Amino acid sequence: MTAHNRKLKLIEFSLDGERFECQVNKWNIANNTEDGEKFYVFCPDGEFREEAEPDYALELTFFADWRSDGVSDFLTANDQQTVAFQLDHHPDIVGEHVRWAGSVKLKAPNVGGDARTTEMTETTLQIIGKPVYTHL
């Protein structure tokens with residue numbers, strides 16, 4: 001099989017039904033789930049494994065937008081609220097369009113930066129449970 005690659009170019013991204021993909025500069029769905037723990041016992045089977053709970057996060061970097069409908073304002077105004085999210089990756093490529101959807105706990109972003117630089121908003125949103133992955 002030959003190598004296959006794509007550049008990250010286009011996503012569709014929403015929080016609580018509000019679209020914010022045009023502000024996204026960097027995104028990552030991080031699977032932080034630990035490996036399960038193995039236990040040993042004095043019986044013929046000798047062992048069992050206790051699986052860990054899913055632990056996922058949505059790491060985002062945005063161009064800051066403090067307008068009333070901007071992503072920075074939205075995250076700050078809704079700090080600690082749980083809302084639905086949807087992220088469509090390669091929505092323009094038939095056969096490669098995939099989606100992650102679920103719920104995230106919003107977190108107000110850090111604010112500030114160096115003088116005369118473009119203002120950015122960085123935040124990590126905890127995904128509740130495991131996001132639903134769909135191949136569209």
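In this report, the structure presented in the accompanying data block is examined. (Residues numbered from 1 in each chain as written. Predicted model: local features only at pLDDT ≥ 70, side-chain atom pairs only at ≥ 80, totals over all residues. Heavy atoms only, no water.)

### Quick word on the sheet that holds strand β8 (residues 98-105)
In step 1: Read from one edge of the open sheet, 7 strands run β2-β1-β7-β8-β9-β6-β3, paired in antiparallel fashion. A strand with exactly one partner marks an edge of an open sheet, and here the two such strands are β2 (18-19) and β3 (24-31).
In step 2: Two strands pair when backbone bridges link them, and strand β1 (residues 11-15) and β2 are joined in this way by 2 bridges, in the antiparallel orientation. In the strand pairing of β2, Ser-14 is matched with Arg-19. (Pairing = 2+ DSSP bridges. Helix = DSSP H or I, 4+ residues; strand = E, 2+ residues; numbered from the N terminus.)

### Focus on the pattern of salt bridges
In step 1: Scanning all chains against the criterion turns up 5 salt bridges.
In step 2: A salt bridge links Glu-21 to Arg-19, with the shortest nitrogen-to-oxygen separation between them at 2.6 Å.
In step 3: Residue class for Glu-21 comes out buried when judged on its relative accessible area of 18%.
In step 4: Arg-19 gets classed as exposed once you look at its relative accessible area, which sits at 53%. (Salt bridge = Lys/Arg side-chain N within 4 Å of Asp/Glu carboxyl O. Buried < 20%, exposed > 50% of the residue type's maximum accessible area, 1.4 Å probe, protein only.)

### Points about the layout of surface pockets
In step 1: Of the pockets and cavities examined, the largest pocket occupies roughly 170 Å³.
In step 2: Lining the largest pocket we find Lys-7, Leu-8, Lys-9, Leu-10, Ile-11, Glu-21, Val-24, Asn-25, Lys-26, Trp-27, His-89 and His-90.
In step 3: Ranked by the residues each element gives to the lining of the largest pocket, the list is headed by β3, at 4 residues.
In step 4: Along the lines of polarity and charge, the residues of the lining of the largest pocket split into 5 nonpolar, 3 polar and 4 charged. (1 Å grid on protein atoms, 1.4 Å probe; cavity = no way out; pocket = protein on both sides within 12 Å on 5 of 7 lines; lining within 4 Å. Points joined across faces, edges and corners; volume = space filled by probe spheres on them. Nonpolar A, V, L, I, M, F, W, Y, C, P; charged D, E, K, R; others polar.)

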